[in-house]
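A structural walkthrough
Below are the chains, spelled out letter by letter.
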Amino acid sequence: MKKFTLLFLLVSSVTFAQTDQKIYDIIEAVSADNIKNYVKTLTEFGTRNTFSDTISQTRGIGAARRWIKSEFNKISSDCENCLNVFYQKDLVTKEGNRRVPHDAYVVNVVAIQKGTKYPNKYIIMSGDIDSRASDTMDFTTDAPGANDNASGMAGTIEAARVLSKYQFESSIIYVGLSGEEQGLFGGAGLAKYAKDKGWEIIGILNNDMIGNITGVDGVIDNRAFRIFSEPVPANETENQRNARRFYGGEVDGISRQLARYIHKTTKTYMPEMNPMMIYRLDRFGRGGHHRPFNDLGFAGIRIMEAHENYTQQHQDIRTENGINYGDTFEHVNFPYAKKLTAVNAINLASLAWAPKAPEVVEIGGIVEANAKLKWSKVEGAKGYKIYWRDTTSPTWDHSRYVEATEFTLEGIVIDNFFFGVAAVGENGHESVVVFPNKILR
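So, a few notes on the structure that sits alongside this text. Bear in mind that the values here come from a model prediction, so they are computed numbers and not experimental data. (Residues numbered from 1 in each chain as written. Predicted model: local features only at pLDDT ≥ 70, side-chain atom pairs only at ≥ 80, totals over all residues. Heavy atoms only, no water.)

Brief notes about the sheet that holds strand E16 (residues 417-425)
Taken in spatial order, the three strands line up as E14-E13-E16 in an open sheet, and their pairing is antiparallel. Each end of this open sheet is capped by a strand with a single partner; those strands are strand E14 (398-402) and E16. This sheet shows a mean twist of 20 degrees between the axes of neighbouring strands, independent of strand direction. Across nine bridges, strand E13 (residues 381-390) lies against E16 in antiparallel orientation. Residue pairing for E16: Asp390 is matched across the bridge by Phe417. (Pairing = 2+ DSSP bridges. Helix = DSSP H or I, 4+ residues; strand = E, 2+ residues; numbered from the N terminus. Axes fitted to C-alpha atoms, helices over the stretch in contact; angles between N-to-C directions.)

Structure follows, in structure tokens:
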């Protein structure tokens, strides 16, 4: 009897396992040495200011973006041309833009790994190509931009290398964005391009500074990182805003759900890491390349180090009062950059292997002892996860797996919790949670 019970427990643990060995394989495959070499190469272009030299083969943003494109092409060649690599560009003019010294094309380098089932459904990882000196208008002074943001760009290239070995149901985009320091021009251009093409964007994981562990506050931390996300979409309607007053959802927009997804996946597969969900679009009064996507109604978050060092950001290389200023190669911690690259890679993979999220989630149970949920059927989903949490909790803390498209949570009073539903595939991977968007009468 004891043997039977033990066997049953072992079989049950395997049957209901919530992890995928391929995700652990992806973590192991990320190389700190590769990231180090990528960052080193990017810093050797002198400056990558958006308005720097575009003709030279060794200096300026033109040489940098050509090198990035060549790296994506090499990766594609190794996976039998699994990446579609191209430039996407927009003209930015001096008129009306105080950080633009002269008219120029802002050029992004895009690599698309097409999904087998949902080719028009995209999850994006981005890094920034450009760097800057103390004066953002200065496009000739050396600005190696090792951490800001060669680290994010290097992580994006490395994630492409690792994930190109797999096939996914949804498409993944790896992109180097330009013009970040002058006004988020590259992100704005690609977001509009996506909108015009009718792409279905799951979300963008914007990586901006993922290599520093020594903060200006004296804290040294190689495990914590921040996930910035806005609370609700910037383009929500007046009706949606009014509904939030009565039904909740002030911290449950699509970008916030993407942040929670990253938090959960990281804690599941990389429990040694400490993801910090920051309930803010970005750092106080500052911006990043996920914002232009948010502006158009797409989900988007920023992943970055937990402790910044301002002496190494936006600084000419110099020594003053015994302090060495400048964003140089020796300040980047590559084992840490590897960890944050792995965080991105496993979330890209999990989302790209998952079915689509339910489009409609209805909720009811007003003045009742039970919460009722009903949602639209998702093609290819094996089942669904109903999630709920205390209204003050930052994470989805409770769940119930079902295979129907409606369910009543008995004894769970609708007034006391927030709810959501995710689709679950045969492989166990889940979509992003969808907060109720319709009232069930």
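Thoughts on the packing of helix H9 (residues 254-269) against helix H11 (residues 334-353)
Taken N-terminus to C-terminus, the directions of H9 and H11 make an angle of 110 degrees; their axes are 10 Å apart at the nearest point. Accordingly, the angle class assigned to the pair H9 and H11 is roughly perpendicular. Here H9 and H11 pass one another in a crossing that is right-handed. When H9 is examined against H11, the residues Leu258, Tyr261, Ile262, Thr265, Thr266 and Tyr269 are found in contact with a partner set consisting of Val343, Ile346, Asn347, Ser350 and Leu351. For the contact of H9 with H11, the per-class residue count stands at seven nonpolar, four polar and no charged. (Parallel < 35°, antiparallel > 145°, perpendicular 65-115°, else oblique. Left-handed = near helix turned anticlockwise from the far one by under 90°. Contact = heavy atoms within 4.5 Å. Nonpolar A, V, L, I, M, F, W, Y, C, P; charged D, E, K, R; others polar.)

Concerning the pairing of strand E5 (residues 200-207)
By the criterion of burial, E5 is predominantly enclosed, with seven of the eight residues buried. Bridging between strand E3 (residues 118-128) and E5 involves six bridges; their strand directions are parallel. Across the sheet, Tyr122 pairs through a bridge with Ile201, a residue of E5. Both E5 and strand E8 (residues 300-305) contribute to a ladder of four bridges, which runs parallel. Along E8, the bridge assignment pairs Ile204 with Gly300. (Buried < 20%, exposed > 50% of the residue type's maximum accessible area, 1.4 Å probe, protein only.)

A few points about unusual backbone geometry
The phi angle of most residues is negative, glycine excepted, and most peptide bonds adopt the trans form. Between Asp148 and the following residue, Asn149, the backbone shows a cis peptide bond with an omega angle of 5 degrees. Its place among the elements puts Asn149 in helix H5 (residues 146-163). A positive phi angle, near 75 degrees, is found at Met209, a position not held by glycine. Positioned with a positive phi, Val367 is a non-glycine residue whose angle comes to about 50 degrees. Topologically, Val367 is positioned in the loop between strand E11 (361-364) and strand E12 (371-375).

A word on the packing of aromatic side chains
Applying the stated rule across the entire model yields 15 aromatic pairs. A centroid spacing of 4.5 Å and a plane angle of 35 degrees characterise the contact between Tyr122 and Trp199, whose relative ring orientation is tilted. Of this pair, Tyr122 sits in strand E3 while Trp199 sits in the loop between helix H7 (185-197) and E5, placing them 77 residues apart in sequence. The pair Tyr122 / Trp199 is uniform in exposure class, with both members buried. Residues Phe168 and Trp353 carry aromatic rings whose centres are separated by 4.7 Å and whose planes lie at 45 degrees to one another, so their mutual orientation is tilted. Here the residue Phe168 occupies a position in the loop between H5 and strand E4 (170-177), and Trp353 occupies one in helix H11, the gap between them amounting to 185 residues. Each member of the pair, Phe168 as well as Trp353, is classed as buried. Taken together, the ring pairs in this structure connect Phe86, Tyr122, Tyr193 and Trp199 into an aromatic cluster. Its guanidinium or amino end placed over the ring of Trp396, Arg389 lies 4.5 Å from that ring's centre, counting from NZ or CZ. (Phe/Tyr/Trp six-rings, centres within 6.5 Å; stacked < 30°, edge-to-face > 60°. Lys NZ or Arg CZ within 6 Å of the ring centre and 35° of its normal.)

Observations regarding the nonpolar core
Formed by 68 residues in total, the largest nonpolar core has its most connected members in Ile26, Ile68, Phe72, Leu163 and Tyr174. The element best represented in this core is H11, accounting for 13 residues. In contact with Ile68, other than residues within four places in its own chain, are Leu42, Val109, Ile129, Met153 and Ile157. Membership of the second largest hydrophobic core comes to 19 residues, among which are Val361, Ile363, Ala381 and Ile414. (Core = buried A, V, L, I, M, F, W, Y, C linked by side-chain atoms within 4.5 Å.)

Here we look at the sheet that holds E3
The sheet built from eight strands is open, its strands ordered E1-E2-E4-E3-E5-E8-E6-E7 with mixed pairing. Of all strands in the sheet, those bounded by a partner on one side alone are strand E1 (83-92) and strand E7 (274-278). Strand-to-strand twist in this sheet, taken as the mean axis angle between neighbours without regard to direction, amounts to 25 degrees. The pairing of E3 with E4 spans eight bridges and is parallel. Residue Tyr118 lies in a different strand from E4, and its bridge partner there is Ser170. Along the sheet face, H9 touches E5, strand E6 (224-228), E7 and E8 and points at about 45 degrees away from the line of E8.

Some details on the side chain of Ser31
Relative to the elements of secondary structure, Ser31 occurs in the loop between helix H2 (21-29) and helix H3 (32-43). For Ser31, the side chain forms a polar contact with the main-chain nitrogen of Asn34, separated by 3.0 Å. Once residues lying within four places of it in the same chain are set aside, the contact partners of Ser31 are Glu158 and Arg161. (Polar contact = N/O pair within 3.5 Å; in protein donor to acceptor, adjacent residues only side chain to side chain.)

Notes on the state of the cysteines
Taken as a whole and assessed by the stated rule, the structure comprises one disulfide. Shown here is the disulfide that connects Cys79 with Cys82, its sulfur atoms set 1.9 Å apart. Residues Cys79 and Cys82 are joined through a disulfide that is left-handed, its torsion about the S-S bond being -80 degrees. In this structure Cys79 comes out as buried when scored by relative accessible area, which is 13%. (Disulfide = S-S within 2.5 Å.)

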